[in-house]
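Structural overview for review
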Amino acid sequence: MLIATALVLMMTPALGLFYAGLVRSKNTLNTFMMCVAAMAVAVVTWALVGYSLAFDGDGSIIGGFGHALLDGVTFAPREGTTIPHLLFFAFQATFCVITVALVSGAVVERMRFGPFLIFAALWSVLVYAVLAHWAFGGGWLQANGTLDFAGGIPVEMGSGFSALAAALVVGARKDYGRQALLPHNAVYVLLGAGLLWFGWFGFNGGSGFGTGDASVLAFTNTLLAPACTLVVWFVLDLVRGRRVTAIGAATAIVVGCVAITPAGGFLSPGWAMALGAFAALPSYALIVWRTRTRVDETLDVLAAHGTAGLIGILFIGVFAQEAWNGVSDGLLYGNAEQLLWQALAIVAAPAYAFVVTYVLLRVIGAVTPLRASEREEAIGMDIVQHGEEAYATGEGAILVTPEAGSSGGVPVRA
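Source: prediction; values computed, not measured. (Residues numbered from 1 in each chain as written. Predicted model: local features only at pLDDT ≥ 70, side-chain atom pairs only at ≥ 80, totals over all residues. Heavy atoms only, no water.)

**Describing the side chain of Asn27**
If you trace the backbone, Asn27 turns up in the loop between α1 (2–22) and α2 (28–55). The buried category is assigned to Asn27, whose relative accessible area is 0%. Polar side-chain contacts of Asn27 include one of 2.7 Å to the side chain of Glu109. When neighbours within four sequence positions are excluded, Asn27 is seen to be in contact with Glu109, Gly380, Met381 and Asp382. (Helix = DSSP H or I, 4+ residues; strand = E, 2+ residues; numbered from the N terminus. Buried < 20%, exposed > 50% of the residue type's maximum accessible area, 1.4 Å probe, protein only. Polar contact = N/O pair within 3.5 Å; in protein donor to acceptor, adjacent residues only side chain to side chain. Contact = heavy atoms within 4.5 Å.)

Structure representation (structure tokens):
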């Protein structure tokens, strides 16, 4: 579990690399820094109050404040687990971190860094902690039998539908729809996707909290599902453009990992492969369709995370097998009620995430501007927000310093 926790934390800088490659070069650092900011802000808010609201008590909608400031979070195992409570807290913190980072993909290249920090802190408490409580903190969805192995509700659907709301509030980039806004580094994107897949073995495998059957099944399914998504994505690329694209391949890896996240410990390996293959279809279609609209949800968080996570949640309701998971069957194996609760989750969670995110950003925007000016956007967020560039384009300025006993000066390369 220590290793799994470290793997999940590594996924956030991996996401930063993935995202940074997808934007224009002048926004590389700012895009990566939003993921770095998530590691700072989300960990702090999670320790202060987020963890308690998610995992203290068994309230239907939200937890309590019994673990605020890590009160009572010690070496003794948390009830229902065999690992130290402190380690359980740390593992869950890494989930909150990457979810906050995921949402940034909707607003890169134009949202100001300061307002994003405020948004990240509030969103991690008001949206993520609430959905985590619903799904696996004792909330109403879990209490009524909804199954979510590793975060399809709070992580995937939570980030995806929040990203849509954020894109609508912040608005499109100034050049969106007028010129091609192309990824500047496909190698970054592929490397980031590969590291994300690697980290996902900790994300899903660790969610069994041990080395039992559930963890082994989820670990194996995390290998199988994305591989099948890749194969189908290759075919879709070939049919649509007669070429298999690198950006498409990287996106397929993420889609496959997302789809199996909620279902990894509940489906047989065969159904996990089917899920990976099927998840490619709606996600691919949404990406193609979204680019024809005025919705500048920049890095397709809704398609890659919200949609694939939704498919994974529904798949459980149809294809779960108690023979494999020891918990419940789905509709195909005689349990129609499971599908009912899975379906309710894909309505309630996206609605909550979208509405609260929309309102939250409107409130923040009423206090401080959310986005950079058109001039700042044209210069690039790296220079404007951080005073740095990802790629040096020159050798520096020339400083002229006076030389002792001389009226002239000595040029020095800065």
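**Points about helix α8 (residues 213–241)**
Relative to the 42 Å expected for 29 residues at 1.5 Å per residue, α8 spans 42 Å between its end C-alpha atoms, a close match to the ideal helical length. A bend of about 25° at Asn221 is the largest found in α8. (Expected span 1.5 Å × (residues − 1). Bend = angle between axes of the 7 residues up to and from the residue.)

**Remarks on the packing of aromatic side chains**
On inspection of all chains with the given rule, the structure shows 24 aromatic pairs. Counting every residue linked through ring pairs, the aromatic cluster contains Trp46, Tyr51, Phe55, Phe88, Phe89, Phe91, Phe95, Tyr128, Phe136, Trp200, Phe203 and Phe209. (Phe/Tyr/Trp six-rings, centres within 6.5 Å; stacked < 30°, edge-to-face > 60°.)

**Focus on the pattern of salt bridges**
Oppositely charged side chains may form a pair once their charged atoms are brought near each other. By the definition in use, this model includes 9 salt bridges. Across the pair Glu109 and Arg173 runs a salt bridge whose closest N-O atoms are separated by 2.3 Å. One end of the pair, Glu109, is in the loop between α3 (85–104) and α4 (113–136); the other, Arg173, is in the loop between α6 (152–170) and α7 (186–205), and 64 residues separate them in sequence. Of the two residues, Glu109 and Arg173, neither departs from the other in class, the shared state being buried. Each of Arg24, Glu109, Arg110, Arg173, Lys174, Asp175, Arg178 and Asp296 takes part in salt bridges that share partners, so that together they form one network. (Salt bridge = Lys/Arg side-chain N within 4 Å of Asp/Glu carboxyl O.)

**Remarks on the packing of helix α9 (residues 246–263) against helix α10 (residues 269–290)**
Where α9 contacts α10, the two axes come as close as 9 Å, and the packing angle between them is 125°. Classified by the interaxial angle, the pair formed by α9 and α10 is oblique. Judged by the twist between their axes, the crossing of α9 over α10 is right-handed. Every residue of α10 that contacts α9 at Thr251, Val255, Ala259, Ile260 and Ala263 is listed here: Ala272, Leu275, Ala279, Ala280, Ser283 and Ile287. Among the residues forming the contact of α9 with α10, the class breakdown is 9 nonpolar, 2 polar and no charged. (Axes fitted to C-alpha atoms, helices over the stretch in contact; angles between N-to-C directions. Parallel < 35°, antiparallel > 145°, perpendicular 65-115°, else oblique. Left-handed = near helix turned anticlockwise from the far one by under 90°. Nonpolar A, V, L, I, M, F, W, Y, C, P; charged D, E, K, R; others polar.)

**Side note on the environment of Thr94**
Topologically, Thr94 is positioned in helix α3. Along the primary structure Thr94 and Ala38 are separated by 56 residues, whereas in three dimensions their C-alpha atoms are 9.9 Å apart.

As far as function goes, none of this settles anything; it's purely spatial.
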